[in-house]
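Commentary on secondary and tertiary structure
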Amino acid sequence: MTYKKKETNLTISLSDPVIGEKEKQSLCSVIDSQWITMGERVAEFERSFAAVHDAKDAVAISSCTAGLHLALIALNIGSGDEVLVPSLTFVATVNAVLYTGATPVFVDIENENTPHISLSDAQAKCTPKTKAVIVMHYGGYLVDLQKWRSFADESGIFLIEDAAHAPGIGGVGQFSDAAVFSFFTNKNMTTAEGGMVMTRDQSLLNLVRQLRSHGMTSLTLDRYRGHAYSYDVTMLGYNYRMDELRAAIGLAQLTNLQMWNRKRNKLSQVYRHILSDFIPDVTVPFDKKHKTASHLMAILLPSGSNRHEVMLQLRKTGVQCSIHYPPVHHFSYYRDKFPGVNLPITEKFCDRELSLPLHPSLTENHLEIIVESLKRAMFD
Ligand SMILES: *Cc1c(COP(=O)(O)O)cnc(C)c1O
């Protein structure tokens, strides 16, 4: 039996991975090699991905979520500690803090035009228990990392980047204690599931590497080759490994990352242009010159719009759209655990936000169709 992509009446999807012959060939060569678990391709993928970010090495893991968890553990964050987090993010950012036993402290965003975690609110919420801050490059738009580095140094805390939206752009991973990337299917590059931890601190990187595989002191490949016949377990580790199949897909994808990011940037600029011409009531966050990997095409509908209705109408015309994000502090689990969290700017932003399709396979013609559909959905 063969599995086919489910037929739907959607014609323009929110995000489509670009995968094809290159990835197929890479997968075949892994199968032919008969070594499918973590091995040389994973190591090569780590070095190649690091090189794109001007780093020497990185650690591939099973997901960004797992990577955030390991980065926090490696920085010795746990029970009794507080970690500053945005609420305008995917829930994984905050879940990872809870895995360690530490307490996430929600921080508002700067403003609706710069929906990054707010420095002034972070300063106000920093306590003697605060051990780290996680910043997230919303939509691919780079957070001002030097500003956050100074804040982290002044406060004596660690700076972690959730870089799930921002692979391949200069500056990511340069100033933080750790940057974590995602290769989930809808990201700028994919391994189906997977992630990467980058840090300039080699001992931290070694620690993450050991934590990734049960805290063991030697690898299966080394034992197979006779470089090691035994191992010790010197810490509580996890199985957060990446395998050779995923690494092979990652290596193939990586060769296109810069081109895809440029394509995404170009499409975002075209969107900005068409939107301001045809629907000036819609606003697009960030300055058009802001450095970005253009992961999302986030727009803000005019206040008072019926977003639900707009989304239904768009869907009817075959345009898929989404919301990034429902604020984490509003999910039932988090509401129960941390009642009374009040983040007025985040809440206002999340009420109006709508994400339009953005991926490298779109053409300018698609964007015109999408904006036209949006206009009709808003005003008809
Ligand atoms: C996708 C995403 C994650 C989680 O990535 P996984 O690889 O699926 O674990 C974390 N943070 C943000 C901001 C994301 O968009």
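A brief report on the enclosed structure follows.

Parameters at a glance
- Residues numbered from 1 in each chain as written.
- Predicted model: local features only at pLDDT ≥ 70, side-chain atom pairs only at ≥ 80, totals over all residues.
- Heavy atoms only, no water.
- Phe/Tyr/Trp six-rings, centres within 6.5 Å; stacked < 30°, edge-to-face > 60°.
- Axes fitted to C-alpha atoms, helices over the stretch in contact; angles between N-to-C directions.
- Helix = DSSP H or I, 4+ residues; strand = E, 2+ residues; numbered from the N terminus.
- Parallel < 35°, antiparallel > 145°, perpendicular 65-115°, else oblique.
- Left-handed = near helix turned anticlockwise from the far one by under 90°.
- Contact = heavy atoms within 4.5 Å.
- Nonpolar A, V, L, I, M, F, W, Y, C, P; charged D, E, K, R; others polar.
- 1 Å grid on protein atoms, 1.4 Å probe; cavity = no way out; pocket = protein on both sides within 12 Å on 5 of 7 lines; lining within 4 Å.
- Points joined across faces, edges and corners; volume = space filled by probe spheres on them.
- Pairing = 2+ DSSP bridges.
- Buried < 20%, exposed > 50% of the residue type's maximum accessible area, 1.4 Å probe, protein only.
- Right-handed = clockwise from strand over helix to strand, strands pointing away.
- Near = heavy atom within 4 Å.
- Polar contact = N/O pair within 3.5 Å; in protein donor to acceptor, adjacent residues only side chain to side chain.
- Areas by Shrake-Rupley, 256 points an atom, 1.4 Å probe, with all protein chains shown as cover.
- Sits in = over half its atoms within 2 Å of the grid points.
- Salt bridge = Lys/Arg side-chain N within 4 Å of Asp/Glu carboxyl O.

What to know about the packing of aromatic side chains
- Per the stated rule, a full pass over the model turns up 13 aromatic pairs.
- For the pair Tyr 238 and Tyr 240, a centre-to-centre distance of 5.2 Å together with 15 degrees between the ring planes defines the contact as stacked.
- Of the aromatic side chains, those joined through ring pairs into one cluster are Phe 45, Phe 49, Phe 181 and Phe 183.

Looking at the packing of helix H11 (residues 307-316) against helix H14 (residues 364-379)
- One way to put it is that H11 packs onto H14 with a least axis distance of 9 Å and a crossing angle of 135 degrees. It follows that H11 is oblique to H14 by the angle criterion. Crossing geometry of H11 relative to H14 is assigned as right-handed. Seen from H11, the contacting residues are Val 310, Gln 313 and Leu 314; seen from H14, they are Ile 370, Ser 373, Leu 374, Ala 377 and Met 378.
- Looking at the contact of H11 with H14 residue by residue, the class counts come to six nonpolar, two polar and no charged.

Details of the layout of surface pockets
- Within this model, the largest pocket holds a volume of roughly 540 Å³.
- The wall of the largest pocket is formed by 32 residues, among which Phe 90, Phe 184, Asn 186, Lys 187 and His 295 lie closest to the centre.
- The set of elements that each furnish at least two residues to the lining of the largest pocket consists of helix H3 (64-74), helix H4 (91-99) and strand S9 (353-356).
- Its residues placed into classes, the lining of the largest pocket shows 13 nonpolar, 15 polar and four charged.

Some points on the sheet that holds strand S1 (residues 59-61)
- A sheet is described by the order of its strands in space; here seven strands give the open sequence S1-S7-S6-S5-S4-S2-S3, paired in mixed fashion. A single partner strand is all that each edge strand has here, and the edge strands are S1 and strand S3 (103-107). Each adjacent strand pair in this sheet contributes to an overall mean axis angle of 25 degrees, direction not counted.
- The sheet contact formed by strand S2 (residues 82-86) and strand S4 (residues 130-136) spans three bridges and is parallel. Within S4, the position partnered with Leu 84 by the bridge is Val 133.
- On top of the sheet, H3 reaches S1, S2, strand S5 (158-162), strand S6 (178-182) and strand S7 (195-198); it is set at about 165 degrees to S6, its chief contact.

Some words on the environment of Lys 375
- Topologically, Lys 375 is positioned in helix H14.
- Considered as a pair, Lys 375 and Met 235 are 140 residues apart in the sequence and their alpha carbons are 57 Å apart.
- Setting aside chain neighbours within four positions, we find Lys 375 in contact with Phe 278, Ile 279 and Asp 380.

A look at H4
- All of the buried residues along H4 are Val 91, Ala 92, Thr 93, Val 94, Ala 96 and Val 97.
- Close packing links the buried residues of H4 with H3, S2, S3, S4, S5 and helix H12 (332-337).
- Where H4 terminates, the next one or two residues include Gly 101, which has phi positive at roughly 90 degrees.

Focus: the pairing of S4
- With respect to burial, S4 is a largely interior element, six of its seven residues being buried.
- Pairing geometry for S4 and S5, over five bridges, is parallel. Paired with Ala 132 across the strands is Phe 158, a residue of S5.
- Assessed by its sense of winding, the connection that carries the chain from S4 through helix H6 (residues 145-155) to S5 is right-handed.

Considerations on the site of the ligand
- Near the ligand, the surroundings consist of 16 residues, among which Thr 65, Asp 162, His 165, Ser 182 and Lys 187 are the closest.
- Separating an oxygen atom of the ligand from a side-chain N or O atom of Ser 182 is a distance of 2.8 Å.
- In the complex, the protein chains occlude 94% of the 390 Å² of accessible area that the ligand would expose alone.
- One can see that the ligand is located within the largest pocket.

Looking at the pattern of salt bridges
- Tallied over the full model, the rule gives 15 salt bridges.
- Across the salt bridge formed by Glu 110 and Lys 147, the nearest N and O atoms sit 3.3 Å from each other. Of this pair, Glu 110 sits in the loop between S3 and helix H5 (119-125) while Lys 147 sits in helix H6, and the two are 37 residues apart along the sequence.
- By relative accessible area, which is 26% here, Glu 110 ends up partly exposed.
- The class of Lys 147 is partly exposed, set by a relative accessible area of 31%.
- Look at the salt bridges and you will find they share partners, linking Glu 46, Asp 57, Arg 209 and Arg 212 into a network.

Some words on the packing of helix H2 (residues 40-52) against helix H9 (residues 244-254)
- The interhelical angle for the contact between H2 and H9, taken along N-to-C directions, is 30 degrees, at an axis separation of 8 Å. Accordingly, the angle class assigned to the pair H2 and H9 is roughly parallel. The two elements H2 and H9 meet at a crossing, and its hand is left-handed. Of the residues in H9, those in contact with Glu 40, Arg 41, Val 42, Glu 44, Phe 45, Ser 48, Phe 49 and Val 52 of H2 are Glu 244, Ala 247, Ala 248, Gly 250, Leu 251 and Leu 254.
- Here the residues of the contact of H2 with H9 are counted per class, giving eight nonpolar, two polar and four charged.

So, the side chain of Ser 213
- For Ser 213, the location among the structural elements is in the loop between helix H7 (202-212) and helix H8 (220-224).
- Given a relative accessible area of 9%, Ser 213 falls into the buried group.
- Of note is the side chain of Ser 213, whose polar atom sits 2.9 Å from the side chain of Arg 241.
- Ignoring sequence-local partners within four residues, the contact set of Ser 213 consists of Tyr 238 and Arg 241.

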